[in-house]
Amino acid sequence: MLTNAAMPGLVKIGRTRGPVEERVRRLNSTGVPQPFEVYCAARVRDSVAVERAMHARFAHCRENPGRDFFRVEPEGVWRALVGRGAVAGRTGGWPHWDG
């Protein structure tokens, strides 16, 4: 889950197969005015299914149907993810990890 100071109130909910830092680096090279920050990241059992479920759960908060940005509090997304029982492990020492 990523946040960006230039996009207050928006959270990017997505997955990556590689290192989170690499994904953030790629996103930051797309011309965004501020760098993305990792709010939290976790290993999950089935990343495709979990991403699909999180996007469906927060569909009413989606800013643009073609993008993975949602107007939602990141802590609410984290609680929904943990509540699904999908979290298999921590990835990195992100500041908002509470699991």
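One can find the structure itself at the top, above this paragraph.
First, a word on scope: everything that follows refers to the structure included in this document. (Residues numbered from 1 in each chain as written. Predicted model: local features only at pLDDT ≥ 70, side-chain atom pairs only at ≥ 80, totals over all residues. Heavy atoms only, no water.)

### Here we look at the overall build of the chain
Right, so step 1: Across its full length, the chain holds 3 helices and 6 strands.
Right, so step 2: Going from N to C terminus, the chain has its helices and strands arranged as β-β-α-β-β-α-β-α-β.
Right, so step 3: Counting every position in the chain, which comprises 99 residues, the buried fraction comes to 34%.
Right, so step 4: Of all intrachain contacts in the chain linking residues separated by at least 6 positions in sequence, the fraction that spans at least 24 positions is 65%.
Right, so step 5: As displayed, the chain offers around 6,000 Å² of accessible surface, 49% of which is attributable to carbon and sulfur atoms. (Helix = DSSP H or I, 4+ residues; strand = E, 2+ residues; numbered from the N terminus. Buried < 20%, exposed > 50% of the residue type's maximum accessible area, 1.4 Å probe, protein only. Contact = heavy atoms within 4.5 Å. Areas by Shrake-Rupley, 256 points an atom, 1.4 Å probe, with all protein chains shown as cover.)

### Focus on the layout of surface pockets
Right, so step 1: Roughly 600 Å³ of internal volume is contained in the largest pocket.
Right, so step 2: Taken together, 28 residues form the lining of the largest pocket, with Met1, Gly14, Arg15, Thr16 and Ala42 sitting closest to its centre.
Right, so step 3: At the level of elements, helix H1 (20-28), strand E4 (42-44), helix H2 (47-57) and helix H3 (74-83) are the ones that each hand at least two residues to the lining of the largest pocket.
Right, so step 4: Residue composition of the lining of the largest pocket, by class: 16 nonpolar, 5 polar and 7 charged. (1 Å grid on protein atoms, 1.4 Å probe; cavity = no way out; pocket = protein on both sides within 12 Å on 5 of 7 lines; lining within 4 Å. Points joined across faces, edges and corners; volume = space filled by probe spheres on them. Nonpolar A, V, L, I, M, F, W, Y, C, P; charged D, E, K, R; others polar.)

### Regarding H3
Three- or four-residue spacings in an α-helix give side chains the same orientation, since the helix completes a turn every 3.6 residues.
Right, so step 1: Among the residues of H3, those classed as buried are Pro74, Val77, Trp78, Ala80 and Leu81. The arc enclosing the buried residues of H3, seen along the axis, measures out at 160 degrees, which places them on a common side. Those residues of H3 that are exposed and aimed more than 90 degrees away from the buried face are Arg79 and Gly83. (Arc of directions from axis to C-beta.)

### Details of the nonpolar core
Right, so step 1: Counting residues in each nonpolar core, the largest one holds 15 residues, and the members touching the most others are Met1, Ile13, Met54, Phe58, Phe70, Val72 and Val77.
Right, so step 2: Of all the secondary structure elements, the ones that give two or more residues to this core are H2 and H3.
Right, so step 3: Of the residues forming this core, the biggest block, 4 residues, is contributed by H3.
Right, so step 4: Sequence-distant contacts of Phe58, defined by excluding residues within four places in its chain, comprise Ile13, Phe70, Val72, Gly76, Val77 and Ala80. (Core = buried A, V, L, I, M, F, W, Y, C linked by side-chain atoms within 4.5 Å.)

### As for the packing of aromatic side chains
Right, so step 1: On inspection of all chains with the given rule, the structure shows 1 aromatic pair.
Right, so step 2: Here the basic side chain of Lys12 rests over the ring of Phe69, its NZ or CZ set 5.2 Å away from the ring centre. (Phe/Tyr/Trp six-rings, centres within 6.5 Å; stacked < 30°, edge-to-face > 60°. Lys NZ or Arg CZ within 6 Å of the ring centre and 35° of its normal.)

### Let's talk about the pattern of salt bridges
Think of it this way: side chains of opposite charge can pair up when their charged atoms draw near.
Right, so step 1: Enumeration over the complete set of coordinates arrives at 5 salt bridges.
Right, so step 2: Between Arg62 and Asp68 there is a salt bridge, with the nearest N and O atoms lying 2.9 Å from each other.
Right, so step 3: Where Glu63 meets Arg71, a salt bridge forms, and the shortest distance between an N and an O atom there is 3.0 Å.
Right, so step 4: Using a relative accessible area of 43% as the deciding quantity, one classes Glu63 as partly exposed.
Right, so step 5: One connected set of salt bridges, linked through shared partners, spans Lys12, Arg62 and Asp68. (Salt bridge = Lys/Arg side-chain N within 4 Å of Asp/Glu carboxyl O.)

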